[in-house]
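As a plain string of letters, each chain reads:
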Amino acid sequence: MSFLFNRPRQPSSAEKIAAAEMEVDMMTDMFARLAKSCNAKCIDKDFRESELNKAESVCLDRCVAKFFDVNVKVSEKMQNDAQSAGRSPAAGGGGLFGM
């Protein structure tokens, strides 16, 4: 009867599990890209110390902050483009981690 009142269909358990697995995959991919990018920019290739020095620590902090800022801006842009095209943002991913 829900089709009579134009109510959205509830996702099944399999769909919820698939969505959760996709989200974990996206988070894992994002973390790998973040680690690779910031490591290449901030960590010296010849390790002289066992701990991060002050410059490396500050660089990593800024790199991670910029990475997330850009991720948020790109996600917002994608959501706005999807809305202006007449699609719902949920259908195209979006959000902080759904690229």
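Residues numbered from 1 in each chain as written. Predicted model: local features only at pLDDT ≥ 70, side-chain atom pairs only at ≥ 80, totals over all residues. Heavy atoms only, no water.

A. Seen up close, the environment of Arg 48. Along the chain, Arg 48 turns up in the loop between helix 1 (13-42) and helix 2 (54-84). A polar side-chain atom of Arg 48 sits 3.2 Å from a polar atom in the side chain of Asp 46. (Helix = DSSP H or I, 4+ residues; strand = E, 2+ residues; numbered from the N terminus. Polar contact = N/O pair within 3.5 Å; in protein donor to acceptor, adjacent residues only side chain to side chain.)

B. Main features of the side chain of Ser 75. Secondary-structure assignment places Ser 75 in helix 2. Owing to a relative accessible area of 3%, Ser 75 belongs among the buried residues under this scheme. (Buried < 20%, exposed > 50% of the residue type's maximum accessible area, 1.4 Å probe, protein only.)

C. Representation of the state of the cysteines within the structure. Going through the model one piece at a time under the given rule, you end up with 2 disulfides. Through a disulfide, Cys 38 is tied to Cys 63; the S-S separation comes to 2.0 Å. The sign of the S-S torsion, about -90°, decides the handedness of the disulfide formed by Cys 38 and Cys 63: left-handed. You can see Cys 38 sitting in helix 1 and its partner Cys 63 sitting in helix 2, a full 25 residues away along the chain. Neither residue differs from the other here; Cys 38 and Cys 63 are each classed as buried. The disulfide that involves Cys 42 links it to Cys 59, with 2.0 Å between the sulfurs. Here Cys 42 and Cys 59 share a disulfide; its torsion about the S-S bond, -65°, makes the bridge left-handed. Of this pair, Cys 42 sits in helix 1 while Cys 59 sits in helix 2; the two residues are 17 residues apart in sequence, bridging distant segments of the chain. On the basis of relative accessible area, Cys 42 is assigned to the buried category, the value being 9%. Residue classification places Cys 59 among the partly exposed residues on the basis of a relative accessible area of 27%. Sequence-ordered numbering of the bonded cysteines in the chain yields a pairing of 1-4, 2-3. (Disulfide = S-S within 2.5 Å.)

Such coordinate-based values are descriptive only and should not be taken to indicate function.
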